[in-house]
Amino acid sequence: MDKQEFRGGMSRLAAAVNVITTGGAAGRAGFTASAVTSVTDEPPTLLVCMNRNFSGAEAFAANGVLCVNTLGAGQEDISNTFAGRMSGEERFSVGEWETMTTGAPALKEAAVSFDCEIRDVVEQGSHKVLFAEVKAVRLGSDAGGLVYFNRNYHLVR
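Below, the structure is looked at part by part. (Residues numbered from 1 in each chain as written. Predicted model: local features only at pLDDT ≥ 70, side-chain atom pairs only at ≥ 80, totals over all residues. Heavy atoms only, no water.)

Focus: the state of the cysteines
Here is step 1: Summed over all chains, the structure comprises 0 disulfides.
Here is step 2: The closest cysteine sulfur to the non-disulfide-bonded Cys67 is located on Cys116, 6.8 Å from its own sulfur. (Disulfide = S-S within 2.5 Å.)

Things to note about the layout of surface pockets
Here is step 1: Approximately 1,200 Å³ is the volume found for the largest pocket.
Here is step 2: What lines the largest pocket is a set of 28 residues, among which Thr32, Ala33, Ser34, Ala35 and His127 lie closest to the centre.
Here is step 3: Among the secondary structure elements, those contributing two or more residues to the lining of the largest pocket are helix H1 (3-10), strand E3 (29-33), strand E5 (44-51), helix H3 (76-83) and strand E10 (127-139).
Here is step 4: In terms of residues, the lining of the largest pocket owes the most to one element, H1, which gives 4 residues.
Here is step 5: Taken together, the residues of the lining of the largest pocket sort by class into 15 nonpolar, 10 polar and 3 charged. (1 Å grid on protein atoms, 1.4 Å probe; cavity = no way out; pocket = protein on both sides within 12 Å on 5 of 7 lines; lining within 4 Å. Points joined across faces, edges and corners; volume = space filled by probe spheres on them. Helix = DSSP H or I, 4+ residues; strand = E, 2+ residues; numbered from the N terminus. Nonpolar A, V, L, I, M, F, W, Y, C, P; charged D, E, K, R; others polar.)

Remarks on unusual backbone geometry
Most peptide bonds adopt trans geometry, and most residues besides glycine take a negative phi value.
Here is step 1: Looking along the chain, the bond that leaves Glu42 and enters Pro43 is cis, with omega of -5°.
Here is step 2: Here Pro43 lies in the loop between strand E4 (36-41) and E5.
Here is step 3: Residue Arg151 is not a glycine yet carries a positive backbone phi of 65°.
Here is step 4: Looking at where Arg151 falls in the secondary structure, it is placed in the loop between strand E11 (145-149) and strand E12 (152-156).

Brief notes about the sheet that holds strand E2 (residues 18-22)
Here is step 1: The 7 strands lie next to each other as E3-E2-E6-E9-E10-E5-E4, forming an open sheet whose pairing is antiparallel. Across the chains shown, the open sheet's two edge strands, defined by having one partner strand only, are E3 and E4. Sheet twist, expressed as the average angle between the axes of neighbouring strands with direction ignored, equals 30°.
Here is step 2: Relative to E5, E4 runs antiparallel, the two sharing 5 bridges. Looking across to E5, one finds that Thr40 is bridged to Thr45.
Here is step 3: In the packing of H3 onto the sheet, contacts are made with E2 and E3, and the angle to E3 comes to roughly 115°. (Pairing = 2+ DSSP bridges. Axes fitted to C-alpha atoms, helices over the stretch in contact; angles between N-to-C directions. Contact = heavy atoms within 4.5 Å.)

Focus on a nonpolar patch on the surface
Here is step 1: A contiguous nonpolar surface patch, about 490 Å² in accessible area, is contributed by Met1, Phe6, Met10 and Leu13.
Here is step 2: Note on placement: Leu13 falls in the loop between H1 and strand E1 (15-16).
Here is step 3: In this structure Leu13 comes out as exposed when scored by relative accessible area, which is 53%. (Patch = residues over 30% accessible without salt bridge, like charges linked within 9 Å, V, L, I, M, F, W, Y side chains within 5 Å. Areas by Shrake-Rupley, 256 points an atom, 1.4 Å probe, with all protein chains shown as cover. Salt bridge = Lys/Arg side-chain N within 4 Å of Asp/Glu carboxyl O. Buried < 20%, exposed > 50% of the residue type's maximum accessible area, 1.4 Å probe, protein only.)

Some points on the sheet that holds E12
Here is step 1: With respect to topology, 3 strands assemble into an open sheet ordered E1-E11-E12, the strand pairing being antiparallel. Pairing within the sheet leaves two strands with one partner each, and these edge strands are E1 and E12.
Here is step 2: As defined by bridge partners, E11 adjoins E12 across 5 bridges and the pair is classed as antiparallel. Residue Tyr148 lies in a different strand from E12, and its bridge partner there is Tyr153.

Here's what the structure looks like:
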């Protein structure tokens, strides 16, 4: 299978846009991800894929917590900031941030935030697959969701 052919096919798989954050003694870090899904509701668990070369990967491992912040309509700037060249604390210059149960940064304006403890990590190819147990959920506005499809943002109502 050709890598570019696979990536082209995956660009046609619409997915919610999420900003994944961590916070704690190792500092704050975050990245944009579309590879997020539920695993089970007993215990409530999410799967998050993180590139193993991400500069903040050590902070996620050391802190042991993460927050999945699902973006909504009009939040492309937050997605782009966390996907861009800024690093560490600089990324948190956009949006308003607070903490919930675990201490991971939660975006106040997120459509939904899932505050989690990392329970397991599996390395596969270029990525680390994080299995995270949900400790708290906060629902935000239901004004519309933000998805990524065919290498562009789209609003879902």
